[in-house]
Amino acid sequence: LQGHWERTTLIQFSDFARTLSPNSGGGTDHGWGQHIFALGGSLKGGRVLGDYPDDFSEKSPIALSRGNMIPTTPWDAIWNGISQWHGVTKKSDLDEVLPMRNNFPAEVLYNINDLYRMDSKIRPPFSYEQEEMERDLEGMGTL
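I will try to describe carefully the structure that is included in this document. The structure displayed is predicted, hence computed values, not measured ones.

In this section: the overall build of the chain. Along the backbone of the chain there are 4 helices and 4 strands. N-terminal to C-terminal, the α/β element order of the chain is β-β-β-β-α-α-α-α. Burial analysis of the chain (143 residues in total) assigns 28% to the buried set. Counting only carbon and sulfur atoms, one obtains 55% of the accessible surface of the chain, whose full area is about 9,800 Å².

Attention shifts here to the pattern of salt bridges. The tally for this structure, following the rule as stated, stands at 3 salt bridges. The closest approach of N and O atoms between Lys 91 and Asp 95, which form a salt bridge, is 2.8 Å. Of this pair, Lys 91 and Asp 95 both sit in helix 2 (residues 91-97), 4 residues apart, which is roughly one turn of the helix. Among the ionic pairs, Arg 101 bridges to Asp 95, the shortest N-O distance being 2.8 Å. Salt bridges sharing partners connect three or more residues here, namely Lys 91, Asp 95 and Arg 101.

Next up on the list: the environment of Arg 47. On the secondary structure map, Arg 47 appears in the loop between strand 4 (36-40) and helix 1 (76-85). You can call Arg 47 partly exposed: its relative accessible area is 41%. Between the C-alpha atoms of Arg 47 and Leu 115, which are 68 residues apart in sequence, the distance is 10.0 Å. Dropping the residues within four chain positions of it, Arg 47 is found in contact with Asp 114 and Leu 115.

Turning next to a nonpolar patch on the surface. Taken together, the side chains of Trp 5, Leu 10 and Leu 39 present a nonpolar region at the surface, about 280 Å² in accessible area. For Trp 5, a relative accessible area of 33% gives the class partly exposed.

So, about the layout of surface pockets. For the largest pocket, the calculated volume is near 1,300 Å³. Going through the elements one at a time, strand 2 (17-18), strand 4 and helix 1 are the ones with two or more residues in the lining of the largest pocket. Broken down by class, the residue content of the lining of the largest pocket amounts to 24 nonpolar, 12 polar and 6 charged.

Most often, soluble globular proteins keep nonpolar side chains buried together rather than apart. If you look at the biggest cluster of nonpolar residues, it comprises 11 residues: Leu 43, Ala 77, Ile 78, Ile 82, Trp 85, Leu 109, Tyr 110, Ile 112, Leu 115, Tyr 116 and Ile 122. Put simply, the parts of the chain that give this core at least two residues each are helix 1 and helix 3 (112-115). A per-element tally of this core places helix 1 first, with 4 residues. Apart from the residues lying within four places of it in its own chain, the contact partners of Ile 78 are Ile 11, Ile 36, Ala 38, Tyr 110 and Leu 115.

How each quantity is defined
- Residues numbered from 1 in each chain as written.
- Predicted model: local features only at pLDDT ≥ 70, side-chain atom pairs only at ≥ 80, totals over all residues.
- Heavy atoms only, no water.
- Helix = DSSP H or I, 4+ residues; strand = E, 2+ residues; numbered from the N terminus.
- Buried < 20%, exposed > 50% of the residue type's maximum accessible area, 1.4 Å probe, protein only.
- Areas by Shrake-Rupley, 256 points an atom, 1.4 Å probe, with all protein chains shown as cover.
- Salt bridge = Lys/Arg side-chain N within 4 Å of Asp/Glu carboxyl O.
- Contact = heavy atoms within 4.5 Å.
- Patch = residues over 30% accessible without salt bridge, like charges linked within 9 Å, V, L, I, M, F, W, Y side chains within 5 Å.
- 1 Å grid on protein atoms, 1.4 Å probe; cavity = no way out; pocket = protein on both sides within 12 Å on 5 of 7 lines; lining within 4 Å.
- Points joined across faces, edges and corners; volume = space filled by probe spheres on them.
- Nonpolar A, V, L, I, M, F, W, Y, C, P; charged D, E, K, R; others polar.
- Core = buried A, V, L, I, M, F, W, Y, C linked by side-chain atoms within 4.5 Å.

If you want it as structure tokens, here you go:
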């Protein structure tokens, strides 16, 4: 990646979860939730973020019906920090990029410091000057 790994973030996610209890056909239905894998040279890796439920019974405060559980971490949580890494730092801009984020308490939304190592050797992608970016793109044969 010719020195670009530190400025790269790759995200892989599932688009849905499954219910815990079977349907009438013996299978499961689409449910709420997902998993997200994040890779990148500047990420604080080697961790699992979010809260794993300790109660899957129907009496659980996050249980709905037929094995549907309310996710403990919103979709917007990881995108909040990633958006900041890419230069979306003003509250009004974050609200525009992630219009649902205000529906969740701030403590469940990850910020740039939760997700990324911020030492002197690491420069977020938005910190590039236009000339430097063009030089890098030229060097990769994309300009």
